[in-house]
Amino acid sequence: AAEDGAMRTAWQGKAGRSPLQALYDSDQLEQSSLQAVHQQRRELLSNVCNRYTRKRRLLRPEDLRHLVVDDTHGLLYCYVPKVACTNWKRVMMVLTGQGKYRDPLEIPANEAHVSSNLRTLSEYSVPEINHRLRSYLKFIFVREPLERLVSAYRNKFTRSYNTAFHKRYGTKIIRRHRQRPSDAALQRGDDVRFEEFVYYLLDPRTQREEPFNEHWERVHSLCHPCVVHYDVVGKYETLAEDANYILQLVGADASVKFPSSSKTTRTTDDMTAQFFQDISPFYQRRLFNLYKMDYLLFNYSIPSYLRIR
């Protein structure tokens with residue numbers, strides 16, 4: 001018994017805390033530091049909105065198509081393509097699936113993007129929309145804007161399987177922004193250069209004709225963070241911690257885990273820098289200005305590789 005007492009004393013350490021208590025305290029500390037981080041992100045977002053938006057416009061139903069609803073946990077998620085949105089949609093399918101799905105990674109990526117598998121806020125009546133905007137936990141995930149843009153370009157224009165994008169956008173980009181294109185390039189649209197993609201984004205005709213595709217649309221245009229007051233602004237750079245924080249906040253079952261990324265092909269800052277080597281400072285400046293509001297709202301600094309100072 002004496003030996004047992006000695007062991008217990010050593011186990012509890014100098015502060016007299018059990019390992020379980022120490023673990024609990026470190027969890028509490030981690031939670032409070034995360035709370036502080038998210039408080040800062042919310043405050044910065046609010047300050048930028050107050051500074052740059054003169055008039056708050058009313059939301060229309062089509063503005064709410066990116067807000068996925070989980071009525072079980074009282075959760076609204078605004079999905080942004082190229083910011084782990086496939087995995088978040090998988091998690092939302094687990095949360096809303098009444099036990100139909102257990103593991104997010106068992107859900108095929110293409111199934112996660114089938115619109116009928118998840119409800120969006122635009123499908124509800126106006127009183128139902130207002131109730132959910134007032135009382136549900138609202139979250140969004142963002143990413144360094146030009147890294148997200150390069151990720152979209154790589155995925156949509158350099159992968160042979162994305163023929164729909166090649167036909168829909170590639171052929172138009174090549175026709176407008178390539179001198180003396182070949183007939184094959186005009187027909188297939190599968191070899192768009194990054195420089196041509198940049199010219200397309202900056203061409204005034206592009207947005208006059210139709211809104212940007214969601215993969216390169218600005219986050220503030222997809223999710224309206226100056227009108228919808230998000231409780232949590234998650235970042236791609238701190239994806240795992242922010243995802244776990246949200247799942248804890250809504251009391252999700254402990255078995256629901258956000259999938260950890262094992263992608264070795266993901267677009268990094270260094271890779272993004274390489275894409276901008278051949279873009280002139282004039283076009284770099286114009287492209288940065290196009291995404292400037294996202295930089296301000298979500299506290300990203302001007303990338304060091306841009307030659308715009």
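Residues numbered from 1 in each chain as written. Predicted model: local features only at pLDDT ≥ 70, side-chain atom pairs only at ≥ 80, totals over all residues. Heavy atoms only, no water.

For the chain, an unreviewed UniProt entry supplies the name Carbohydrate sulfotransferase and the organism Odontophorus gujanensis. Comment text from UniProt for the chain, heading Subcellular location (unreviewed entry), reads "Golgi apparatus membrane". Regarding the chain, the relevant UniProt record gives this comment under Sequence similarities (unreviewed entry): "Belongs to the sulfotransferase 2 family." (UniProt positions renumbered as here; feature names shortened; annotations may be inferred.)

*Asks:* Let's hear about the state of the cysteines: which residues, and what values?
*Replies:* With the rule as written, the count across this model stands at two disulfides. Disulfide pairing places C49 opposite C226 at an S-S distance of 2.0 Å. Every disulfide takes its handedness from the sign of the S-S torsion; for C49 and C226 that torsion is -85°, giving left-handed. In this pair, C49 is assigned in helix α2 (residues 19-52) and C226 in the loop between α11 (219-223) and β4 (232-235), connecting sequence segments 177 residues apart. Take C226: its relative accessible area is 9%, and that puts it in the buried class. Shown here is the disulfide that connects C78 with C223, its sulfur atoms set 2.0 Å apart. (Disulfide = S-S within 2.5 Å. Helix = DSSP H or I, 4+ residues; strand = E, 2+ residues; numbered from the N terminus. Buried < 20%, exposed > 50% of the residue type's maximum accessible area, 1.4 Å probe, protein only.)

*Asks:* Tell me about helix α6 (residues 145-157), and name the residues and values.
*Replies:* Between the first and last C-alpha of α6 there are 18 Å, a value that for 13 residues agrees with the 18 Å anticipated at 1.5 Å per step. Between the side-chain oxygen at the start of α6 and the backbone nitrogen of L146 there is a gap of 3.0 Å, and the oxygen is on E144. (Expected span 1.5 Å × (residues − 1). Polar contact = N/O pair within 3.5 Å; in protein donor to acceptor, adjacent residues only side chain to side chain.)

*Asks:* Account for the pattern of salt bridges, with residues named and values stated.
*Replies:* For the coordinates displayed, the defined rule picks out 18 salt bridges. Between E147 and R143 there is a salt bridge, and its shortest N-O distance comes to 3.0 Å. Considered together, E147 and R143 belong to a single accessibility category, that of buried residues. Between E209 and R176 there is a salt bridge, and its shortest N-O distance comes to 2.5 Å. With E209 in helix α10 (residues 204-209) and R176 in helix α7 (residues 163-177), the pair connects residues that are 33 residues apart, well separated along the chain. (Salt bridge = Lys/Arg side-chain N within 4 Å of Asp/Glu carboxyl O.)

*Asks:* For the sheet that holds strand β3 (residues 137-142), give the residues involved together with the corresponding values.
*Replies:* Pairing between the strands of a sheet comes from backbone hydrogen bonds, and it takes one of two forms, parallel or antiparallel. The four strands lie next to each other as β1-β2-β3-β4, forming an open sheet whose pairing is mixed. The outermost strands of the open sheet, each flanked by one partner alone, are β1 (67-70) and β4. Adjacent strand axes in the sheet meet at a mean angle of 25° when their direction is disregarded. Across the sheet, helix α5 (residues 126-135) touches β1, β2 (75-78) and β3, and the angle it forms with β3 is around 75°. (Pairing = 2+ DSSP bridges. Axes fitted to C-alpha atoms, helices over the stretch in contact; angles between N-to-C directions. Contact = heavy atoms within 4.5 Å.)

*Asks:* Residue-level account of the packing of aromatic side chains, with values.
*Replies:* Scanning the entire structure with this criterion turns up 24 aromatic pairs. Both rings, one in Y153 and one in F194, keep their centres 5.2 Å apart while their planes meet at 70°; by these two values the pair is edge-to-face. Of this pair, Y153 sits in helix α6 while F194 sits in helix α9 (residues 194-202); the two residues are 41 residues apart in sequence, bridging distant segments of the chain. Here Y153 matches F194 in class, with each residue buried. The rings of Y153, F157, F165, Y169, F194, F197, Y200, W216, F275, F276 and Y305 are connected pair by pair, giving a single aromatic cluster. The side chain of R168 reaches across the aromatic face of Y169, ending 4.6 Å from its centre. (Phe/Tyr/Trp six-rings, centres within 6.5 Å; stacked < 30°, edge-to-face > 60°. Lys NZ or Arg CZ within 6 Å of the ring centre and 35° of its normal.)

*Asks:* Any details on the pairing of β2? Residues and values, ideally.
*Replies:* Along β2, one buried face is formed by L75 and Y77 and the opposite face, lined by L76 and C78, is buried too. Direction of pairing for β1 relative to β2: antiparallel, over a ladder of four bridges. If you follow L67 over to β2, its bridge partner there is C78. Connecting β1 to the antiparallel partner β2 that follows it, the hairpin turn spans four residues, and G74 within it adopts a positive phi of roughly 65°. In this structure, β2 lies alongside β3, joined through four bridges in parallel fashion.

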